[in-house]
Amino acid sequence: MDPDYTADLPHLQKAAKDHLWMHFTRHSSYKDADVPIIVKGEGAYIYDAQGKRYLDGLAGLFVNQVGHGRTELAEAAAKQASQLAFHPLWSYAHPSAIQLAERLANLAPGDLNRVFFSSGGGEAVETAWKLAKNYYKLVGKPMKHKVISRAIAYHGTTQGALSITGLPGLKQQFEPLVPSTFRVPNTNVYRADSITGGLIDVTDDASAEAFGRWAADQIAVAIENEGPDTVAAVFLEPVQNAGGCFPPPPGYWQRVREICDEYDVLLVSDEVICAYGRLGTWFGGQKFDYTPDIITSAKGLTSGYAPLGAMIASDRLMEPFLEDGQMFAHGYTFGGHPVSTAVALANLDIFESENLLENVTNNEAAFKSTLEKLKDLPIVGDVRGSGYFYGIELVKDRNTKESFSEEECERILYGYVSKALYEEGLYCRADDRGDPVIQLSPPLIVGQTEFDEIEQILRRVLDKASSML
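The following refers to the structure shown. (Residues numbered from 1 in each chain as written. Predicted model: local features only at pLDDT ≥ 70, side-chain atom pairs only at ≥ 80, totals over all residues. Heavy atoms only, no water.)

Attention now goes to the sheet that holds strand β3 (residues 53-56). Across the sheet, which stays open at both edges, the four strands sit in the order β1-β2-β3-β13 with mixed pairing between neighbours. Each edge of the sheet is formed by a strand with only one pairing partner; in this case those strands are β1 (38-42) and β13 (426-427). Note that β3 and β13 share two bridges and pair parallel. Of the residues in β13, the one forming a bridge with Asp 56 is Tyr 427. (Pairing = 2+ DSSP bridges. Helix = DSSP H or I, 4+ residues; strand = E, 2+ residues; numbered from the N terminus.)

We now examine the side chain of Arg 70. Tracing the backbone shows Arg 70 in the loop between α2 (59-62) and α3 (71-83). Look at Arg 70 and you get buried, because its relative accessible area is 12%. At 2.4 Å, the side chain of Arg 70 forms a polar contact with the side chain of Glu 354. Once you skip the residues sitting within four places of it in the chain, Arg 70 turns out to touch Tyr 305, Ile 350, Glu 354 and Ile 445. (Buried < 20%, exposed > 50% of the residue type's maximum accessible area, 1.4 Å probe, protein only. Polar contact = N/O pair within 3.5 Å; in protein donor to acceptor, adjacent residues only side chain to side chain. Contact = heavy atoms within 4.5 Å.)

Attention now moves to a negative patch on the surface. A surface patch of like charges, here negative, comprises Asp 111, Glu 319, Glu 323 and Asp 324. Accessibility expressed as a relative area gives 35% for Asp 111, which makes it partly exposed. (Patch = residues over 30% accessible without salt bridge, like charges linked within 9 Å, V, L, I, M, F, W, Y side chains within 5 Å. Areas by Shrake-Rupley, 256 points an atom, 1.4 Å probe, with all protein chains shown as cover. Salt bridge = Lys/Arg side-chain N within 4 Å of Asp/Glu carboxyl O. Lys, Arg positive; Asp, Glu negative; His and termini not counted. Charge placed at Lys NZ, Arg CZ, Asp CG, Glu CD.)

All right, on to the packing of aromatic side chains then. This structure, assessed with the given rule, holds 15 aromatic pairs. The residue whose ring lies beneath Arg 26 is Tyr 414, and the NZ or CZ to ring-centre distance is 5.1 Å. In this structure, Arg 53 packs its charged tip against the face of Tyr 45, placed 3.8 Å from the ring centre. (Phe/Tyr/Trp six-rings, centres within 6.5 Å; stacked < 30°, edge-to-face > 60°. Lys NZ or Arg CZ within 6 Å of the ring centre and 35° of its normal.)

Here we come to the pattern of salt bridges. For the structure shown, the criterion picks out 27 salt bridges. Residue Arg 433 pairs with Asp 431 through a salt bridge whose shortest N-O separation is 2.7 Å. Here the salt bridges do not stand alone but share partners, grouping Arg 191, Asp 382, Arg 384, Glu 393 and Asp 435 into one network.

Take a look at the structure:
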């Protein structure tokens, strides 16, 4: 029987407000309002402490691929904890970490056969940058240390990962950060005209490809500007998250790969969100036909049933560290935790036994077309994404693509839309990092029934929001 939190709710509310420091949270919002307390998950749904049900339209935080309440994952965790609860990977190994590393190497593209475990995605990004700098020092190119990433891109909150992040509003209060990171334009096709300064307005496939070529070439320009002998890596997401799910234009990734090869710069595919089925493939690079030098991943690796991240690197990046006396002087106490790696193995078993990649591939067109029905609302400017990862950009004027003002974002996006979607029974994200968007990333087990529910809730809320402009 599920526990009943009703009698304890007043105490939980007070304790949450008095002691729990929530992440990325305006605590002033709860001065005169209750903190949402989620107590249960089942399938594609979550339940609050009062028993109300919500469709988990964000998979927690782009995390829960296989759905909630999977007892087989809980049992895998319990079995491992009862046998070996913990041992670090510092000069030692344990079976579940070995088995998971082998399995990921077999799933990853190309020669990405070396797996370094972390506790989460930000740590995986941090690991990748440290590896890039260390690698080039060992191969006789010690000046190569700089990183290039895209505008508005989010790569994590640790000092290094935050430095790579392209969101000034998240960085300013923590500066000075790690130096030597540089930004290039992103692939927001909807805003191509303004991004290129009027050079390219995407109206068809040919102009989309031209924009992709232009955006990729800006990476070469940045490398030349900084000096090729100083740039170590380019960090890019297969589909950029912040700003609202920017998929790559045709040919973009192939040109990026050419540029990285030409300048001997490592291509890091940040797939903390896009790996493990989110796009319908094991890894995002497989969706868009490119092979990076490093993949950073986390989230869906365990479907959130235990914390775990993984940096997956090519064999050539490991080679200098195999020499006598060498080591990568980096690690995390809980990286590759026995319980987490055991859960990840069981999670991947579910992917295969239930054909979850095929479910996404077979249904992604239906997901897109269902969301595109919302384009008849004047507030909806663009619907974009890939797989089960979509963003809906909201606009003040659809004809001119005029965005919200800061006041309108506060009043409509945060003051109404975010709260109303939750009250209507949909947990998702309303975000204005970049332009105002609603992001959707449901568990990979869902289908048309859930797509329709999402669309209907969005329609009710956005229809009213349109009248508030």
